[in-house]
Amino acid sequence: VNIVHGCDNFCTFCIVPYRRGRERSRPLAEVVAEVEGLVARGVREVTLLGQKVDSYGHDLGPDLDLADLLTAVDAVDGLDRIRFLTSYPLGVTDKLIDRVARLDKVCEHINIPVQSGDDAVLAAMHRGYTMTQYRDRIARIKDGIPGVSLSTDIITGFSGEDEAAFERTLDLLEEVRFDVVHVAAYSVRPGTIAARTLADDVPDEVKKARLQRVEELQERVAAELNSPLRHQEIDVLVETRKDGRWEGRTRTNKLVHFPAGASDLRGEMARVRVVGPRAWSLQGELISAG
Ligand code: SF4
């Protein structure tokens, strides 16, 4: 469910502000009505979407924000889970953290893109925060939301990223231990500030080698994070069937697969025991469903 369109930030690598325009939030009542309509048609989980989702409401009134919308959507009968993305780090306020922790239906998962672990690269990207500020947000999220899972986005080889700067990104991943890292090698988007003003000065093979190092580090970290889940029982909202196995997600957004039997479990909440935790997914066996 789209809740806020556009973006008022102008990160130098990003085309969104030019394509989608300024931030415009949909009225709270309209969003709630859409969610009620979806639930009436059998939907059990909604994801509230915005390029910068935590900007929600700022253009509607001085006191309205994403935390208030989550509270309103949480009250919709028949809904099981609420997600939201994508978060801008400084937009993850203490109030939002508190609501995610307290509202039953809001899943304890935050996608909080950092893009780089180096202050100079962040400044060249016009991200608008420092690593000190980012680390402070992460610490508050971890303190405030027990069992939270975190995902982030990384760009390797942005303009001016030298080896030392890249190493700081690796250090951050090692330190925070994100559950999922989406990584991309930098490629210039025509029409962006970076395309007009910054040199694309990291060779392609270096960008790709750095991407590979991020993936290798993250594969190890994710395997370590998922390993203790072996033998645990988890609730999985089943989404689809692939190659004789059901696929769904935990509240923490972890992908789960388990063998499909005769009954159709699509859209059901399944109780699953984890028998094979891996870096990118959890293999399980069905205990019960319904
Ligand atoms: Fe906005 Fe995100 Fe693009 Fe930055 S990267 S301009 S916050 S949409």
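**Section: the overall build of the chain**
Helices and strands together make up the secondary structure of the chain, namely 9 helices and 12 strands. Counting only C-alpha atoms and orienting by the principal axes, one finds that the chain spans roughly 55 × 45 × 35 Å. Expressed as a percentage of its 290 residues, the buried residues of the chain come to 49%. Across the chain, contacts joining residues at least 24 apart in sequence account for 70% of those joining residues at least 6 apart. Carbon and sulfur atoms make up 50% of the accessible area of the chain, which amounts to about 13,300 Å² in all. Computed over 39 positive and 47 negative side-chain charges, the inter-centroid distance for the chain is 3 Å.

**Re the layout of surface pockets**
Its volume calculated, the largest pocket comes out at about 620 Å³. Lining the largest pocket are 28 residues, with Phe-13, Cys-14, Gln-115, Arg-127 and Asp-153 sitting closest to its centre. Going through the elements one at a time, α1 (16-20), β6 (149-156) and β7 (180-185) are the ones with two or more residues in the lining of the largest pocket. When the residues that make up the lining of the largest pocket are grouped by side-chain class, the tally is 17 nonpolar, 7 polar and 4 charged. Space inside the second largest pocket adds up to approximately 350 Å³. The wall of the second largest pocket is formed by 21 residues, among which Asp-179, Val-180, His-182, Arg-249 and Asn-253 lie closest to the centre. If you list the elements that add at least two residues to the lining of the second largest pocket, you get β5 (109-111), β6 and β7. The biggest single contributor to the lining of the second largest pocket is β6, with 4 residues.

**A word on the pattern of salt bridges**
Per the stated rule, a full pass over the model turns up 33 salt bridges. Here Arg-137 and Asp-94 are joined by a salt bridge, their closest N and O atoms 3.5 Å apart. Of this pair, Arg-137 sits in helix α6 (residues 131-144) while Asp-94 sits in helix α4 (residues 94-102), placing them 43 residues apart in sequence. A relative accessible area of 12% places Arg-137 in the buried class.

**Structural notes on the sheet that holds strand β9 (residues 245-249)**
Read around the barrel, 5 strands follow the order β8-β9-β10-β12-β11 and close on themselves; strand pairing throughout is mixed. Mean inter-strand twist for the sheet, computed between neighbouring axes without regard to direction, equals 55°. Bridge count for β9 against strand β10 (residues 255-259) is 5 bridges, and the pairing is antiparallel. Each residue of the ladder has a partner; that of Arg-245, found in β10, is Pro-259.

**Here we look at the packing of aromatic side chains**
Taken as a whole and judged by the stated rule, the model has 5 aromatic pairs. Ring geometry for Phe-10 and Tyr-18: centres 5.6 Å apart, planes at 70°, overall edge-to-face. Using a relative accessible area of 32% as the deciding quantity, one classes Phe-10 as partly exposed. An aromatic cluster is defined as three or more aromatic residues linked by ring pairs; in this entry it consists of Phe-13, Phe-158 and Tyr-186. Looking at Lys-52, its charged tip hangs above the ring of Tyr-88, at a distance of 5.3 Å from the centre. Sitting over the ring of Trp-246, Arg-241 keeps its end group 5.5 Å from the ring centre.

**Looking at the environment of Arg-273**
By the element assignment, Arg-273 lies in strand β11 (residues 269-277). With 158 residues separating them along the chain, Arg-273 and Gln-115 place their C-alpha atoms 35 Å apart. The residues contacting Arg-273, other than those within four sequence positions of it, are His-231, Gln-232, Glu-233, Gln-283, Gly-284, Glu-285 and Ile-287.

Conventions we followed
- Residues numbered from 1 in each chain as written.
- Predicted model: local features only at pLDDT ≥ 70, side-chain atom pairs only at ≥ 80, totals over all residues.
- Heavy atoms only, no water.
- Helix = DSSP H or I, 4+ residues; strand = E, 2+ residues; numbered from the N terminus.
- Buried < 20%, exposed > 50% of the residue type's maximum accessible area, 1.4 Å probe, protein only.
- Contact = heavy atoms within 4.5 Å.
- Areas by Shrake-Rupley, 256 points an atom, 1.4 Å probe, with all protein chains shown as cover.
- Lys, Arg positive; Asp, Glu negative; His and termini not counted.
- Charge placed at Lys NZ, Arg CZ, Asp CG, Glu CD.
- 1 Å grid on protein atoms, 1.4 Å probe; cavity = no way out; pocket = protein on both sides within 12 Å on 5 of 7 lines; lining within 4 Å.
- Points joined across faces, edges and corners; volume = space filled by probe spheres on them.
- Nonpolar A, V, L, I, M, F, W, Y, C, P; charged D, E, K, R; others polar.
- Salt bridge = Lys/Arg side-chain N within 4 Å of Asp/Glu carboxyl O.
- Pairing = 2+ DSSP bridges.
- Axes fitted to C-alpha atoms, helices over the stretch in contact; angles between N-to-C directions.
- Phe/Tyr/Trp six-rings, centres within 6.5 Å; stacked < 30°, edge-to-face > 60°.
- Lys NZ or Arg CZ within 6 Å of the ring centre and 35° of its normal.

By themselves, these observations are geometric and do not establish any function.
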